[in-house]
Amino acid sequence: MARLAAALVAAALAAACCWPPAPGAEALGMNWGTQASHPLPPKAVVQVLRDNGIKKVKLFDTDSAAMSALAGSGIEVMVAIPNNMLADLADDARKAKDWVKRNVKRYDFDGGVTIKYVAVGNEPFLQSYNGTFINITFPALQNIQNALNDAGIGDRIKATVPLNADVYNSPPSHPVPSAGRFRTDIAGLMTDIVKFLAKNNAPFTVNIYPFLSLYLNDNFPLDYAFFDGGATPVNDNGVLYTNVFDANFDTLVAALKAVGNGDMPVIVGEVGWPTDGDKHAKSTYAERFYAGLLKRLAANTGTPARPGQYIEVYLFGLVDEDLKSVAPGNFERHWGILRYDGQPKFAMDLTGQGRNTMPVPAKGIKYLSKTWCALNPNAKDLSKLGANIDYACTFADCTPLGYGSTCNGMDTAGNASYAFNAYYQVQNQKDEACDFQGLALPTETNPSTAACNFTIQIQAGAGAHGRSSAGAAAGVVVLVLLQLLVLW
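Residues numbered from 1 in each chain as written. Predicted model: local features only at pLDDT ≥ 70, side-chain atom pairs only at ≥ 80, totals over all residues. Heavy atoms only, no water.

Participant: Residue-level account of the sheet that holds strand E5 (residues 158–160), with values.
Facilitator: Read across the sheet, nine strands follow the order E5-E4-E3-E2-E1-E15-E12-E9-E6 without closing on themselves; strand pairing throughout is parallel. Of all strands in the sheet, those bounded by a partner on one side alone are E5 and strand E6 (162–164). Direction aside, neighbouring strands of the sheet carry axes that sit 25° apart on average. Bridge analysis of E6 against strand E9 (residues 204–207) gives three bridges, and the strand direction is parallel. (Pairing = 2+ DSSP bridges. Helix = DSSP H or I, 4+ residues; strand = E, 2+ residues; numbered from the N terminus. Axes fitted to C-alpha atoms, helices over the stretch in contact; angles between N-to-C directions.)

Next comes the structure, spelled out in structure tokens:
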């Protein structure tokens, strides 16, 4: 029986190991966020990653369904520890060892999940956090890496801290990349973290968002956010910077050099462009941004401080997430290169060859019935319309209605219908979810406009099955069969 099980394992691995990769996509990673009312099924997500030649994925936790779907896929994974877990892991090395056992070692076997990194926190030093995680991030990082080392896997699985680009800057008196230094309030802490990463041959991870440069500064030159050379260059002692991505990256390189680690590997943990929720968040700009970025990555262009070098990059993100906090801005729910249902939004050649092609969509996704919720045309008393719109938008995503967004500019009826329908879909089209004190009615007539899409939600938990996610299915087979081998 053991010999038979071993043969079955080998067959499962053979079926799962390979798929035709997209040329030039070897360096490309993708962030997989799940803060959605109706997240795509994990198997469908793994399949769409494979179909698009994406060979690296960054998670924001260690969700068991996602990990099971990734088993046997061959996709390299960065698992993550949320910020709210840092205190416990910083205080007790035993808890860190237990976390590694349950979330890393558990999946670490031939045919399991190919874990390459553990992200300790997510942008924990953001200034908006007012120092909440300042004293616990580094101890948590130390305990996790030491736990990986003690488990005998620290040579190939590294702990890192994805940091926002606000941890470094150039002085206002000399605002050029070569003057980059770590933020003064955390300079000592950042130096300690960098030294620890270097000691363990781990990379520095940073999130770089040219879009935010535009969003936060109305005077920021638009073309400088892109890669097509339309901006006035920044002259740094004869080195010309034509885009903010290169300038930002090299500011970090200078900061690393200033603490004695100028050659440290750098991972760009997040970079992307949203498509709704702000005047600059639109598909045309996203398409322009990614076209320039992907071409440079495929050619290993590097940056002026690191010319001709490979940069490991994780795009943010794969799909829209309608439950994300909008505290930073309404655009937060619209970072996906795919819509909520796994359908592509714009042309994007992930190989970086500049072809006019769309990403491969998610397969096997099932939708609710083609029924929308709209303002009742026969409603007489509209005095409570505002309150009902507010209620709908409290529990559903109405960010496309905002200034500069795709659905901005509709009349009152349009705004009400959009809000009512958004709530109705989130509630899985329950009859009682389309009443709003008699102000709304279900309709089979699509109220969408040329600019504004009134969505039909996907079925909760419905998606690709069977052959549509062969690698993930093989991973599950491997997990079961290896457990049987242990029993035999």
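Participant: Outline the pattern of salt bridges, supporting the account with residue identities and numerical values.
Facilitator: Close approach of charged atoms lets side chains of opposite charge pair. Counted by the stated rule, this structure contains 21 salt bridges. Across the pair Asp-150 and Lys-97 runs a salt bridge whose closest N-O atoms are separated by 3.6 Å. Of this pair, Asp-150 sits in helix H6 (residues 137–150) while Lys-97 sits in helix H5 (residues 93–103); the two residues are 53 residues apart in sequence, bridging distant segments of the chain. Residues joined by salt bridges that share partners form a network here, namely Lys-56, Glu-76, Lys-116 and Glu-312. (Salt bridge = Lys/Arg side-chain N within 4 Å of Asp/Glu carboxyl O.)

Participant: Please set out the state of the cysteines residue by residue, giving values where relevant.
Facilitator: Scanning the model with the defined rule gives three disulfides in all. Residue pairing for Cys-373: its cysteine sulfur links by disulfide to Cys-434, the two sulfurs lying 2.0 Å apart. Its S-S torsion of about 90° marks the bond between Cys-373 and Cys-434 as right-handed, since a negative value means left-handed. Of the two residues, Cys-373 sits in strand E16 (residues 372–375) while Cys-434 sits in the loop between helix H12 (412–426) and strand E17 (440–443), which places them 61 residues apart along the sequence. Judged by relative accessible area, which is 0%, Cys-373 ranks as buried. Note that Cys-407 is cross-linked by a disulfide to Cys-452, the S-S spacing being 2.0 Å. Residues Cys-407 and Cys-452 are joined through a disulfide that is right-handed, its torsion about the S-S bond being 90°. (Disulfide = S-S within 2.5 Å. Buried < 20%, exposed > 50% of the residue type's maximum accessible area, 1.4 Å probe, protein only.)

Participant: Requested: an account of the environment of His-38, with residues and values cited.
Facilitator: Secondary-structure assignment places His-38 in the loop between strand E1 (28–31) and helix H2 (42–51). C-alpha of His-38 to C-alpha of Tyr-340: the two residues are 302 residues apart in sequence and 8.0 Å apart in space. Of the polar contacts made by the side chain of His-38, one reaches the side chain of Ser-37; its length is 3.0 Å. (Polar contact = N/O pair within 3.5 Å; in protein donor to acceptor, adjacent residues only side chain to side chain.)

Participant: Which residues make up the layout of surface pockets, and what values go with them?
Facilitator: When its volume is computed, the second largest pocket comes out at roughly 710 Å³. Lining the second largest pocket are 37 residues, with Asp-320, His-334, Arg-339, Tyr-340 and Thr-455 positioned closest to its centre. Top contributing element to the lining of the second largest pocket by residue count: H12, with five residues. Across the lining of the second largest pocket, the residue classes break down as 15 nonpolar, 13 polar and nine charged. (1 Å grid on protein atoms, 1.4 Å probe; cavity = no way out; pocket = protein on both sides within 12 Å on 5 of 7 lines; lining within 4 Å. Points joined across faces, edges and corners; volume = space filled by probe spheres on them. Nonpolar A, V, L, I, M, F, W, Y, C, P; charged D, E, K, R; others polar.)

Participant: Describe the pairing of E9, with residues and values.
Facilitator: Here E9 shows a buried face lined by Phe-204 and Val-206 and a second buried face lined by Thr-205 and Asn-207. In the sheet, E9 pairs with strand E12 (residues 266–271) via four bridges, with the strands oriented parallel. Across the sheet, Thr-205 pairs through a bridge with Ile-267, a residue of E12.

Participant: Any details on unusual backbone geometry? Residues and values, ideally.
Facilitator: Residue Gly-317 is reached from Phe-316 by a cis peptide bond, and omega for that bond is -5°. Note that Gly-317 resides in the loop between strand E15 (312–315) and E16. For Asn-428, which is not glycine, the phi torsion reads 60° and is therefore positive. One non-glycine residue with positive phi stands out, namely Gln-429, at about 60°.

Participant: If you had to explain the packing of aromatic side chains to someone new, which residues and values would you point to?
Facilitator: According to the stated counting rule, one finds 28 aromatic pairs in the structure shown. Ring plane angle 90° and centroid distance 6.2 Å describe the contact between Phe-60 and Phe-316, whose orientation is recorded as edge-to-face. Of this pair, Phe-60 sits in the loop between strand E2 (56–58) and helix H3 (64–70) while Phe-316 sits in the loop between E15 and E16, placing them 256 residues apart in sequence. The interplanar angle of 90° and the centroid separation of 5.8 Å between the aromatic rings of Phe-331 and Trp-335 together place this pair among those described as edge-to-face. (Phe/Tyr/Trp six-rings, centres within 6.5 Å; stacked < 30°, edge-to-face > 60°.)

Participant: Before we move on, can you summarise the packing of helix H11 (residues 385–394) against H12 with the specific residues and values?
Facilitator: Relative to each other, H11 and H12 sit at 40°, their axes nearing to 8 Å. Regarding H11 and H12, the two cross each other, and that crossing is left-handed. In contact with Leu-385, Asn-388, Ile-389, Tyr-391, Ala-392 and Cys-393 of H11, H12 contributes Thr-412, Ala-416, Ala-419, Phe-420 and Tyr-423. For the contact of H11 with H12, the residue count by class is nine nonpolar, two polar and no charged. (Left-handed = near helix turned anticlockwise from the far one by under 90°. Contact = heavy atoms within 4.5 Å.)

Participant: Give me the environment of Asp-431: which residues, what numbers.
Facilitator: On the secondary structure map, Asp-431 appears in the loop between H12 and E17. When the C-alpha atoms of Asp-431 and Cys-373 are compared, they prove to be 9.8 Å apart, with 58 residues separating the residues in sequence.

Participant: Describe in detail the packing of H5 against H6, supporting the description with residues and values.
Facilitator: Between H5 and H6, whose axes approach to 8 Å, the crossing angle comes to 60°. For the element pair H5 / H6, the angle class is oblique. By crossing handedness, the relation of H5 to H6 is classed as right-handed. Contacts between H5 and H6 involve Ala-93, Ala-96, Lys-97, Trp-99 and Val-100 from the first element and Asn-143, Ile-144, Ala-147, Leu-148 and Asp-150 from the second. Per-class residue counts for the contact of H5 with H6 are seven nonpolar, one polar and two charged. (Parallel < 35°, antiparallel > 145°, perpendicular 65-115°, else oblique.)

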